[in-house]
Every structure is written in structure tokens, then in C-alpha cells.
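As a plain string of letters, each chain reads:
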Amino acid sequence: MTAMAATTDERIWISPAQVLAVLATELAHAGEACQRLDGALGGLLHLVAPDERMKVMQELHAVDLLNQHLAALGALAHQVGAQPQADGAVDLTTALQGLTLGDVARRIQAAATGDAGAQPEEEEGDLDLF
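Residues numbered from 1 in each chain as written. Predicted model: local features only at pLDDT ≥ 70, side-chain atom pairs only at ≥ 80, totals over all residues. Heavy atoms only, no water.

Caption draft 1: Here's a closer look at the overall build of the chain. Check the secondary structure of the chain and you find 4 helices and 0 strands. Element order for the chain, N to C, with α for helix and β for strand: α-α-α-α. Buried residues in the chain amount to 22% of all 130 residues. In the chain, once contacts between residues fewer than 6 apart in sequence are set aside, the share between residues at least 24 apart is 55%. Carbon and sulfur atoms make up 58% of the accessible area of the chain, which amounts to about 9700 Å² in all. (Helix = DSSP H or I, 4+ residues; strand = E, 2+ residues; numbered from the N terminus. Buried < 20%, exposed > 50% of the residue type's maximum accessible area, 1.4 Å probe, protein only. Contact = heavy atoms within 4.5 Å. Areas by Shrake-Rupley, 256 points an atom, 1.4 Å probe, with all protein chains shown as cover.)

Caption draft 2: Structural context of the environment of Ala77. Inspection of the secondary structure assignment puts Ala77 in helix H2 (residues 53-82). The class for Ala77 is buried, based on a relative accessible area of 5%. On a C-alpha basis, the gap between Ala77 and Thr25 in space is 9.1 Å, while along the polypeptide they are 52 residues apart.

Caption draft 3: Geometry of the packing of helix H1 (residues 16-44) against H2. Here H1 crosses H2 at 165 degrees, and the two axes come no closer than 8 Å. As summarised for this structure, H1 and H2 are arranged roughly antiparallel, according to the angle between their axes. In the packing of H1 onto H2, the handedness of the crossing is left-handed. (Axes fitted to C-alpha atoms, helices over the stretch in contact; angles between N-to-C directions. Parallel < 35°, antiparallel > 145°, perpendicular 65-115°, else oblique. Left-handed = near helix turned anticlockwise from the far one by under 90°.)

Caption draft 4: Region of interest: the pattern of salt bridges. What the rule picks out here adds up to 1 salt bridge. As a salt-bridge pair, Arg106 and Asp103 come within 2.6 Å of each other at their nearest N and O atoms. Residue Arg106 and its partner Asp103 are located together in helix H4 (residues 102-113), separated by 3 residues, close to a single helical turn. (Salt bridge = Lys/Arg side-chain N within 4 Å of Asp/Glu carboxyl O.)

Dropping the structure here:
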């Protein structure tokens, strides 16, 4: 199935904060779809041969991690969009403090600072596995 991009004849002008709020909402929608997928796949687990279940469970964990990644990105977009801007800049450090996935926070920080060798912090963040 191929989706067509929405088109409009008029330009739409919104603030960066509004863009981030819209992005956060869309990431939440994607996360809800990911949760439904996770639930559906989990429901099918009993159909898998017992000797293959561990392999399938590892893939289910990947779907769960994707869901948490989407939630973290949505939270970041919301935090950045809600901040007052000083000279067009936002406080990324404060926004990153709320992320529960340490790897995501480190990658974003490294991308923002150009520091590819950013050191891991003591806490890795919460990864909820079922």
C-alpha cells in the first residue's frame, strides 16, 4: 500500500514549537500502532514451536524497544517544543534529562555536539522488557 502525500495550495506557517508539538503527537500515534503490533505478535507467541519461542521473543523485545524509542523521541519533541527559546536556541540538556533510554540520549547529545565519542553516563536508562 502506497500513501499519497497531502498537498495544499496555500503555504502553512507555524512556529518551531508548533512543529515539535505536532511531531510529538504523531510519534505518539506511531507508538500506539507499535503497541498494537507488539500485543498482536505477543498473542501469536503460543503458535510458535517451543524450540523457536526464544528467538521470537527476542524479536518481540525489538518491537518493544522500538515502542520505547518512539516514546522517547515524542517526549523529547514535546520537551523542546515547550521550552522558551533564547535567541532561537533551546536547552537540549534539560530536554535530554527526561529521556528514559540512555542510548537515545547519548546519540542525540553526540549529534548535537559533534562529539562522536560521548561517554556513557552511570545510568543506562530504563528499558522495560516484558
